[in-house]
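A look at the structure
Chain by chain, the residues:
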There are 2 protein chains.
Amino acid sequence: MSKREQPNRLRAALPRGLRDAAGEEVRATRAMLDAIAGVCESYGFEPLATPALEFTEALGKFLPDQDRPNEGVFSLRDDDGEWLSLRYDLTAPLARYVAENFDALPKPFRRYQSGPVWRNEKPGPGRFREFVQIDADTVGTASPAADAEMCMLAADALEAVGIARGDYVIRVSSRKLLDGVLDSIGVTDARQRLTVMRAVDKLDRLGIEGVRLLLGAGRKDESGDFTRGAGLGENEIELLLDFLQPQFPIDLLVLADGRVIHEQSPETDEIPDNEIVEKCGSNRSTIASLRELFDAKPYQDGLDELGEIADLAGVSGYSQLQICIDPSVVRGLEYYTGPVFEAELTFETPGEDGRTVRFGSVGGGGRYDGLVARFRGQDVPATGFSVGVSRLYAALAHLGRHEARKVAAPVVILAMDPDAQAGYQAMARELRAAGVRAEVYLGTSGMRAQMKYADRRGAPAVVIEGSIEREGGVVTVKDLIEGERLSGSIDSREEWTSERPAQETVRREKMVDTVLSCLARHGFGPGAGS
Amino acid sequence: MSKREQPNRLRAALPRGLRDAAGEEVRATRAMLDAIAGVCESYGFEPLATPALEFTEALGKFLPDQDRPNEGVFSLRDDDGEWLSLRYDLTAPLARYVAENFDALPKPFRRYQSGPVWRNEKPGPGRFREFVQIDADTVGTASPAADAEMCMLAADALEAVGIARGDYVIRVSSRKLLDGVLDSIGVTDARQRLTVMRAVDKLDRLGIEGVRLLLGAGRKDESGDFTRGAGLGENEIELLLDFLQPQFPIDLLVLADGRVIHEQSPETDEIPDNEIVEKCGSNRSTIASLRELFDAKPYQDGLDELGEIADLAGVSGYSQLQICIDPSVVRGLEYYTGPVFEAELTFETPGEDGRTVRFGSVGGGGRYDGLVARFRGQDVPATGFSVGVSRLYAALAHLGRHEARKVAAPVVILAMDPDAQAGYQAMARELRAAGVRAEVYLGTSGMRAQMKYADRRGAPAVVIEGSIEREGGVVTVKDLIEGERLSGSIDSREEWTSERPAQETVRREKMVDTVLSCLARHGFGPGAGS
């Protein structure tokens, strides 16, 4: 169909909940993914790339947050009449991949994968229907050491992208704990257990009193909508809340230099009070406190595993501030069977209502021993971690981390003389060879519009060679960043024209050196592109 | 749905025409995309990432090869009742993006984008329903300098990923030439013109005699299927074939050192005959020969543009062997309006029938001034180039280029003693800190299975610390690559056991150094991961 047969103009727009990313955001996202991939590689994880489309039945219905009604996957029928779906996470395709290649894979099998996932759901502020994740998973071992490795990997990944120690925490619990609590307080109905789990998962958002209502009769929100509760009795609710907010002994001192020491360690006496930033409970004491609450076997088993994870993290040099046992972590996904993790950024940021809030979750994961079993008929232990790349990008933008590695915009070579394209192209090549991004202006507009173009591109400099310059064997290099700065301090057009600030006319063969010093003045080294 | 409710096991498989990529392929593909992105950045192109899904009507029906019946896009209806489609290329989304952001974009607008595209078509050998492309496009200038830049960028991109000069050629023609030829020989019917264009596009595959049949009554293929031809007369066919294979004067000498000189240049006399590798026609003489064939205005205009492109490429240092004017280039896409490009790899490779054939096309592009007009109601000049990443990956694999930059598999720390996980994790951390990929074996199997695991992983070395080593403060580093080599030359189990070749027991604190020298012996420097 040519445009001439097209009677009406088309609407140039994207469907709701989909967006474009351009320029620095794409570069920064790529840099983040590269940094996290580097950490995964160093841990021995191998990259995998599965296609976006899978058989619908292979993906299954392991969707998170099933209480949102529009939650769903994008599905379609292909020419073979098969139902295909766009992946909604990177875990379901991994389960299919492992089942399909089970005998050929070394086990335990560690893989990482990054890429977009799709949700056919109602979009909202900050909630998109296509977004990028990066996941690391270990399949084929039930060892808590694999879970501990996930937590350490997550901490290393956050630091690799520029989140400072102290600005994040990997919170860890186990699905077995809540299972054991529910067994102990006599909640046996599967639906009621699910309702309790979802209520607990909202602790961060609703606070302890909100969760109390949802565990009991129910809760009316600000808009007046009523959510039915789990219907637990007073006593059961108290036991559950005690579990979620146990009284930990405070036995750790966090020092101004970042060290964490036990309050009974010999050093303690030598530390002046004003160097103690915070006191908190150690993972060991958290676990000891939790031990006292319930006797159910899954509960105590879960604590054993958390103990192993905490010990391994501890001896590997991760403090409680980085990897922290916290019984209130639930994670919405029903398929978790053991330890669950949540990566939270702890610095504060203005919330939607103006109050400062913690930045919050940028990823999470856990152990899911049943997922591969859908294909193989028997459990295959597996554990994994997923990072939400858009959330992390937003966090780094908030911290100003992207600024630091910004790439210089290209130097623009103005096309002053239409017949001199060859010479302009040669300049661009010389600059590129010296590691400078460079482009020739390829439009047909005059000098003024070309300068405006260069400004719009954010070009640090332009190179000007009109016919007079060419005859004289010279070029003019104009420093646009310095020019912009000076333009504030120069009063008249006359002054500007006569002084020609921030520009330099040099011999043609000095062009590359002159541009390089101009870039160096503004902190840009050579090195074109990414 | 838990696995217990799942009555039948699911089939672990991918739909036809979809595939997984793992390990080295993913790394090599990422390295290729990074290298090409680097070239795009150096030319001043900005990255863009559009979503996979667009409104179906926004993508339009600019599909290539419309004579394949199952050709199509994957489309679905979302919860809003809107028809969405997966992009089938990166050009249609760019047209939407430019139209949507027209006023905000600096013009000319240069962007590059990489990512998967989808085709709902019958898959075949080497033909997939999801594959990765990387595209560069310049929107907003009609200047042939922009087309020349595309060709130079494509040449630089191929060299950046490791295709040597001489192993590729960017072939260039213009849609205006064929248009002018058809005007001149009186083919005015739109359908007949399309049939001619498709016949010409098959020159590479069918040869000149095959095309002759398709231009006339038609052609019966090997399977007996008959394709109706364009129905041109003898005379018209001869004129067309003269155009496709004009007799060029041979005026260039290609020398053994890679230089290309004109046969009338003063140097020619000094060149011994055995240093002349090849003789060919120059772009200039090709264009001069073509000038004589037809007078039609679009034809002569097309040659003017090709002349500009050839001249700019020439003065920028690209020889005819890199960027070559060739009237037989057509490209299937109907939307091209001017110059068209084809990136072809010229080295030979075994074909499907055993005969050696040229590797062939890995990308192409051209000028499409009408695509943005679908949204804006007026033409916006644009030109672009697309590289097929899977084809390029296959080409580099054929050339052995991926081998050169292979990343070492991780060193495996054997878990000899279940209680010593903490110590093993510490070793892994030390190795990672020294830039070595390292992992602790996390399964429950014994020594023999652990060694088999390490072999399967391709580990260059394992680190062994059993309880005896630990008490002695030592570890054993086993060089698996050397061990594999030696295992061929050692005859008996006794000899092996007593000599313990390719392994070294060292003090624990020497572990990192010992592993580093082992890796260095096999050419692997430090630097974990990508």
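Everything numeric here is computed off the predicted structure, so don't read it as measured data.

The rules behind each value
Residues numbered from 1 in each chain as written. Chains lettered and ligands numbered in written order. Predicted model: local features only at pLDDT ≥ 70, side-chain atom pairs only at ≥ 80, totals over all residues. Least-squares fit on C-alpha atoms with pLDDT ≥ 70 in both. Contact = placed C-beta atoms within 7 Å. Pairing = 2+ DSSP bridges. Helix = DSSP H or I, 4+ residues; strand = E, 2+ residues; numbered from the N terminus. Axes fitted to C-alpha atoms, helices over the stretch in contact; angles between N-to-C directions. Nonpolar A, V, L, I, M, F, W, Y, C, P; charged D, E, K, R; others polar. Domains from an automatic or database assignment. Parallel < 35°, antiparallel > 145°, perpendicular 65-115°, else oblique. Left-handed = near helix turned anticlockwise from the far one by under 90°. Buried ≥ 20, exposed ≤ 12 C-beta atoms within 10 Å, placed from the backbone. Arc of directions from axis to C-beta. Core = buried A, V, L, I, M, F, W, Y, C linked by C-beta atoms within 7 Å.

1. Focus on the relation of the copies chain B and chain A
- Overlaying chain B with chain A gives an RMSD of 0.1 Å, the required rotation being 180 degrees about an axis along which the chain moves by 0.0 Å. These values place the two chain copies in the arrangement generated by a two-fold rotation axis. Using C-alpha coordinates, one finds that chain B approaches the rotation axis most closely at B:Leu76, a distance of 2.8 Å.
- When the interface residues of chain B are mapped onto chain A, 100% of them are again interface residues, pointing to one common binding face.

2. Observations regarding the sheet that holds strand E12 (residues 260–262) of chain A
Residues and elements named next belong to chain A.
- In space, the three strands of this open sheet follow the order E12-E11-E13, with antiparallel pairing throughout. Each edge of the open sheet carries a strand with a single partner, namely E12 and strand E13 (276–280). Across the sheet, the mean angle separating the axes of adjacent strands is 30 degrees when strand polarity is ignored.
- Bridging between strand E11 (residues 252–255) and E12 involves three bridges; their strand directions are antiparallel. Each residue of the ladder has a partner; that of leucine 253, found in E12, is isoleucine 261.

3. Some points on the interface of chain B and chain A
- Each partner contributes to the interface: chain B provides 94 residues, whereas chain A provides 94 residues.
- Among the elements that take part in the side of chain B that touches chain A, helix H1 (residues 24–42) of chain B stands out by supplying seven residues, more than any other.
- Classifying every residue of the side of chain B that touches chain A gives 42 nonpolar, 23 polar and 29 charged.
- Judged from the two bridges that link them, strand E1 (residues 21–22) of chain A and strand E2 (residues 46–49) of chain B form a sheet pairing that is antiparallel. Considered in E2(B), the bridge of A:Ala22 is made with B:Leu48.

4. Digging into the domain arrangement of chain A
- Splitting chain A by domain gives domain 1 (24–187 + 232–246 + 293–403) and domain 2 (411–521).
- The gap between the C-alpha centroids of domain 1 of chain A and domain 2 of chain A is 50 Å.

5. Some words on the sheet that holds strand E15 (residues 339–350) of chain B
- Spatial ordering of the open sheet is given by E1(A)-E2(B)-E6(B)-E7(B)-E17(B)-E16(B)-E15(B)-E8(B)-E14(B), a layout of nine strands whose pairing is mixed. In the strand order of this sheet, the two ends are held by E1 of chain A together with strand E14 (323–325) of chain B, each with one partner.
- Across five bridges, the pairing between strand E16 (residues 356–367) of chain B and strand E17 (residues 382–388) of chain B is antiparallel. Of the residues in E17(B), the one forming a bridge with B:Gly366 is B:Gly384.
- Across the sheet, helix H10 (residues 297–315) of chain B lies against strand E8 (168–174), E14 and E15 of chain B, angled at about 150 degrees from E8(B), the strand it touches most.

6. Points about the packing of helix H4 (residues 144–160) of chain A against helix H10 (residues 297–315) of chain A
All names here are of chain A.
- Two elements in contact, H4 and H10, have axes separated by 9 Å at closest approach and are oriented at 50 degrees. Relative to H10, the element H4 is oriented oblique. Crossing angle aside, the handedness with which H4 passes H10 is right-handed. Across the interface between the two elements, Pro144, Ala145, Asp147, Ala148, Cys151 and Met152 from H4 touch Glu305, Glu308, Ile309, Leu312 and Ala313 from H10.

7. A closer look at the packing of helix H7 (residues 203–215) of chain B against helix H8 (residues 234–244) of chain B
All names here are of chain B.
- Packing of H7 against H8 leaves a shortest axis separation of 10 Å and a crossing angle of 160 degrees. Overall, the two elements H7 and H8 adopt an arrangement that is roughly antiparallel. You can see that H7 and H8 cross each other, and the crossing is right-handed. Each of Leu203, Ile208, Arg212 and Leu215 in H7 lies in contact with H8, whose residues at this interface are Ile237, Leu240, Leu241 and Leu244.
- Of the residues assigned to the contact of H7 with H8, the class counts are seven nonpolar, no polar and one charged.

8. Observations concerning helix H12 (residues 389–398) of chain A
Residue and element names in this part refer to chain A.
- Those residues of H12 that fall on the buried side of the exposure criterion are Val389, Leu392, Tyr393, Ala395 and Leu396. Down the axis, H12 shows its buried residues gathered within 160 degrees of arc, on one side only.
- Positioned one or two residues after H12, glycine 400 has a phi angle of 70 degrees, which is positive.

9. As for the nonpolar core
- A:Cys151, A:Ala154, A:Val515, B:Cys151, B:Ala154 and B:Val515 are the most contacted members of the largest nonpolar core, which has 280 residues in total.
- Once residues within four sequence positions are removed from consideration, A:Val515 is found in contact with A:Val411, A:Leu431, A:Val436, A:Ala461, A:Val463 and A:Val477.

10. Structural notes on unusual backbone geometry
- Note the cis peptide between A:Lys107 and A:Pro108, where omega equals 0 degrees.
- The residue A:Pro108 is located in the loop between helix H3 (91–100) and strand E6 (109–118) in this model.

11. Here we look at the environment of B:Phe226
Residues and elements named next belong to chain B.
- One can find phenylalanine 226 in strand E10 (residues 226–228).
- Assessed through the 10 C-beta atoms surrounding it within 10 Å, phenylalanine 226 is described here as exposed.
- In contact with phenylalanine 226, not counting residues within four places along its chain, are Gly218 and Lys220.

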